[in-house]
Amino acid sequence: MAKRIDGKAFAQGVRERVGEAVSTLQRDHGLTPGLAVVLVGEDPASQVYVRNKGKQTVEAGMKSFEHKLPDTTSETELLALVEQLNADPDVHGILVQLPLPDQIDSHAVINAINPDKDVDGFHLINVGRLSTGASGLVPCTPLGCLMLLKDELGDLSGKNAVVVGRSNIVGKPMAALLLAESCTVTIAHSRTQDLADVCREADILVAAVGRPQMIPGDWVKPGATVIDVGINRVEGDEGKTRLVGDVDYASAEAVAGAITPVPGGVGPMTIACLLRNTVQAACAANGIAFDLD
Ligand code: GUN
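Since we're looking at a predicted model, the values are computed, not measured.

Trainee: Give me the site of the ligand: which residues, what numbers.
Mentor: By nearness alone, every residue bordering the ligand is listed as L95, V96, Q97, L98, D120 and F122. Here V96 contributes a backbone N or O atom positioned 2.8 Å from a nitrogen atom of the ligand. Look at the ligand: alone it shows 280 Å² of surface, and the protein chains cover 80% of it.

Okay, here's the thing in structure tokens:
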């Protein structure tokens, strides 16, 4: 039976370290890191995320600035808000919640954020920094996955890593991070031939496709470490919905060496890493050495 990787407990530890770093910054430098979160429209899932981000930002001792705009907001209006936040010295991190309504080009908005305030790590400059090994802000969910993997396995060098999913938010930055750790990395996706066989080669299997329980246990190499990024809502008993991952947990846990559950695995790590990135950005903006590990 696989070890269950407790992302919830790990994320709490990260948030505690962030809180301690914030106290030190306030005491020694009179600096309180600030995070601005922008939500356009009324998407219920996004509203929940944004609320949780604001709550956890305040709990870590940081300033939280929430901007809620109607779903009729134009790109010009949103770009004007981004400019205002770029210029605000109390704002060290800016996150524009995705997806954005159709009338807004999300690439244009992301690339208008000052890259040094881009705590999502989605700006082209940060993508370039990550892929060339320069220091910068790294996307939160893949960063959280990497932290869990290093905690579980220590040195990752030489391991076969398979990332299923090629999104800009998770799959591609995850692959870049694993490559930087000297893994042999394969990015698989919906057009990959013999996906099952590709997955069976993985010492590290990261599932980020957004399809409920698509990866069964017999695609998992015995002893592999499985990181399930999927958060899918499916019909459960008595008409209630429940959350499942991209991996079929019940069959995979019988084969894997270690596996993240859904919920309580990768999910809580995302906001913890967002808080960490905000502290990193605040330190960099003020010429303060950053050490949160
Ligand atoms: N929507 C889903 N995940 C994310 C994320 O990590 N960042 C932002 N900005 N929006 C998201």
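Trainee: Please provide a residue-by-residue account of the pairing of strand β8 (residues 225-228), values included.
Mentor: A two-sided burial pattern is seen for β8, the buried positions comprising T225 and I227 on one face and V226 and D228 on the other. Relative to β8, strand β7 (residues 204-207) is paired through four bridges, and the arrangement is parallel. Bridge pairing in β8 places I204 opposite T225. Summarising the sheet, β8 and strand β11 (residues 258-259) pair through two bridges and their orientation is parallel. Following the sheet pairing, T225 is matched in β11 by A258.

Trainee: Account for the pattern of salt bridges, with residues named and values stated.
Mentor: Counted under the stated rule, the structure contains nine salt bridges. Put simply, K55 and E59 hold a salt bridge, and the shortest N to O gap is 3.6 Å. Taken together, the residues K55 and E59, both in helix α2 (residues 44-59) and four residues apart, mark about one turn of the helix. A residue is classified by how much of its surface remains accessible, and K55, at 51% relative accessible area, is exposed. Classification of E59 by relative accessible area gives exposed; the value is 56%.

Trainee: Provide a residue-level description of the sheet that holds β8, including the pertinent values.
Mentor: Pairing is parallel in the open sheet, where six strands are placed in the order β1-β11-β8-β7-β5-β6. Every other strand in the sheet has two partners, leaving β1 (3-4) and β6 (184-188) as the edge strands with one partner each. Against the sheet, helix α6 (residues 140-153) makes contact with β1, β7, β8 and β11, and its axis sits at roughly 160 degrees relative to β8, the strand it touches most.

About the thresholds
- Residues numbered from 1 in each chain as written.
- Predicted model: local features only at pLDDT ≥ 70, side-chain atom pairs only at ≥ 80, totals over all residues.
- Heavy atoms only, no water.
- Near = heavy atom within 4 Å.
- Polar contact = N/O pair within 3.5 Å; in protein donor to acceptor, adjacent residues only side chain to side chain.
- Areas by Shrake-Rupley, 256 points an atom, 1.4 Å probe, with all protein chains shown as cover.
- Buried < 20%, exposed > 50% of the residue type's maximum accessible area, 1.4 Å probe, protein only.
- Helix = DSSP H or I, 4+ residues; strand = E, 2+ residues; numbered from the N terminus.
- Pairing = 2+ DSSP bridges.
- Salt bridge = Lys/Arg side-chain N within 4 Å of Asp/Glu carboxyl O.
- Contact = heavy atoms within 4.5 Å.
- Axes fitted to C-alpha atoms, helices over the stretch in contact; angles between N-to-C directions.

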